Amino acid sequence: MSNAFLFIACALIWGSTWIAITFQTGEAPPLVAVAWRFTIASFCLGVFCLVRRLPMRLPLHTHIKMAGVGLFLYTLDYTLLYAAQHFIISALLALMSSCIIYINVGLRRWWLKQPVRPEVLIGATLGMVGITLIFIPEFAHVRLDAALAMGLGIALVSFFCASVGNVISERILDKGTPVIQMNFYAMTYGLVFLYGSAFASGQSFTLPDNPDFYIALLYLGVFGSVLAFGAYMKLLQQIGSDKAAYVVLVYPIVALIISTFFEGYRWTLLAGIGVGVVLFGNAIAMGKVPLPGRKAVKRTTGHA
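Procedures and definitions
- Residues numbered from 1 in each chain as written.
- Predicted model: local features only at pLDDT ≥ 70, side-chain atom pairs only at ≥ 80, totals over all residues.
- Heavy atoms only, no water.
- Helix = DSSP H or I, 4+ residues; strand = E, 2+ residues; numbered from the N terminus.
- Polar contact = N/O pair within 3.5 Å; in protein donor to acceptor, adjacent residues only side chain to side chain.
- Contact = heavy atoms within 4.5 Å.
- Expected span 1.5 Å × (residues − 1).
- Buried < 20%, exposed > 50% of the residue type's maximum accessible area, 1.4 Å probe, protein only.
- Phe/Tyr/Trp six-rings, centres within 6.5 Å; stacked < 30°, edge-to-face > 60°.
- pLDDT = per-residue confidence, 0-100.
- Core = buried A, V, L, I, M, F, W, Y, C linked by side-chain atoms within 4.5 Å.
- Salt bridge = Lys/Arg side-chain N within 4 Å of Asp/Glu carboxyl O.

Peer 1: Just to check I follow, could you spell out the side chain of serine 158 for this structure?
Peer 2: In this fold, serine 158 is placed in helix α7 (residues 146-174). A polar contact of 2.8 Å, which involves the side chain of serine 158, links it to the side chain of aspartate 77. Those residues in contact with serine 158 that lie beyond four places of it in its chain are Asp77, Leu80 and Leu81.

See below:
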């Protein structure tokens, strides 16, 4: 599949899951909601591997790395992200998500010895500016207090964990590990951490009464986890975790487009300009707009 198709698929699906998550917030503890989501995803991937008779034997060191992805990306990132939404608005989360790209760049340079690509940094900065323009009206209602500070701290830790998970995934996939098997094992290991933490902390597993919770859960499990993460990991394998992470700046735009039809979101001139800036930043990050005097840097494979 082409990089453009994979990128668009991630943006469209995760843009819709941004809204679907709101149907889960407050209905179940974050640990439990995330555990149920990835239980569905892991089950679907496991059945697919079984039906297709995909080879499932992988080296021990790969399993250790996949457990790391399960811990950082599928457990800590999502649990903390769900928790942060109790304290801060989605607009602020969308803006803060831009830091994932910067962290990915730093971790790739330090851990995978990959070069820092200026086009990614410039594109990410433009994306952050664009997101700010889009959500300026909502930022006007933000008031600094203890709850907001807690939410900001939780969100930052969440995004750092996401970056660690991204870079570990890139390291695994650079060695030719199949995306589907990698996701299955990583999500399954994540379930061990999720359920273990939930039971240890005495979380309630009481089933919510709201049917919308289960519709959202099914959508998040199948589309938001199986399909979107499959596309994202393939994209990460092909272009690197720094460029692939730009999708986090695009899918809030998709969420706003959906909100326009279902929630009556009203666009402003600044929001329109912001969208243009985000998309222009994306074009730069993906190398569609070459920088003056900049030659393309060939991506090298990281070491195991």
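Peer 1: For this particular structure, what's the right way to read helix α1 (residues 3-20)?
Peer 2: Taking 1.5 Å of rise per residue, 18 residues should cover 26 Å, and α1 covers 26 Å from first to last C-alpha, within 8% of that figure. In terms of residue burial, α1 counts as a mostly covered element, since 13 of its 18 residues are buried.

Peer 1: I would appreciate a short explanation of the packing of aromatic side chains in the present structure.
Peer 2: Here the distance between the centres and the angle between the planes together describe a pair of aromatic rings. Counted under the stated rule, the structure contains 16 aromatic pairs. Here tryptophan 110 and tryptophan 111 contribute two aromatic rings whose centre-to-centre distance is 6.2 Å and whose plane-to-plane angle is 50°, an arrangement assigned as tilted. Consider the rings of phenylalanine 213 and tyrosine 214, whose centres lie 5.3 Å apart with planes at 85°: the pair is edge-to-face. By relative accessible area, tyrosine 214 is classed as partly exposed at 33%.

Peer 1: Would you mind showing me how to read the confidence of the model for the protein here?
Peer 2: In the predicted model, the protein carries a mean pLDDT of 90, and the fraction of residues at 70 or more is 96%. The element-level mean pLDDT for the protein is lowest in helix α4 (residues 90-96), coming to 80, with helix α8 (residues 179-200) highest at 97.

Peer 1: Sorry, what's going on with the side chain of serine 97 here?
Peer 2: Inspection of the secondary structure puts serine 97 in the loop between α4 and α5 (99-112). What makes serine 97 buried here is its relative accessible area of 2%. Engagement of the side chain of serine 97 in a polar contact is seen with the backbone oxygen of alanine 94, the distance being 2.5 Å. Those residues within four positions of serine 97 in sequence are excluded, and the remaining contacts are Phe159, Val248 and Leu249.

Peer 1: Any chance you could explain the nonpolar core here in plain terms?
Peer 2: It is characteristic of soluble globular proteins that their nonpolar side chains tend to be buried jointly. Of all hydrophobic cores here, the largest spans 98 residues; its most connected members are Trp14, Phe38, Tyr74, Ile134, Phe229, Met233 and Tyr246. Examining the composition of this core, we find that 13 residues originate from one element, helix α9 (residues 211-239), more than from any other. Each residue touching isoleucine 134, except ones within four places of it in the same chain, is listed here: Ile253, Leu256, Tyr265, Leu270, Ala271, Gly274, Val275 and Val278.

Peer 1: Explain the pattern of salt bridges to me, please; I cannot follow it from the model alone.
Peer 2: Should the charged atoms of two oppositely charged side chains come close, the side chains can pair. Overall, the coordinates contain three salt bridges when judged by the stated rule. One salt bridge in this structure joins arginine 108 and glutamate 170, with 3.0 Å as the shortest N-O distance. Of this pair, arginine 108 sits in helix α5 while glutamate 170 is found in helix α7, placing the two residues 62 residues apart along the sequence. Judged on exposure class, the residue arginine 108 and its partner glutamate 170 are both buried. Of the charged contacts, one joins arginine 108 and aspartate 242 as a salt bridge, the two residues approaching to 3.3 Å between their closest N and O atoms. Linking arginine 108 in helix α5 with aspartate 242 in helix α10 (residues 241-244), this pair joins segments that are 134 residues apart in sequence. Judged on exposure class, the residue arginine 108 and its partner aspartate 242 are both buried. When salt bridges that share partners are traced, they join Arg108, Arg117, Glu170 and Asp242 into one network.

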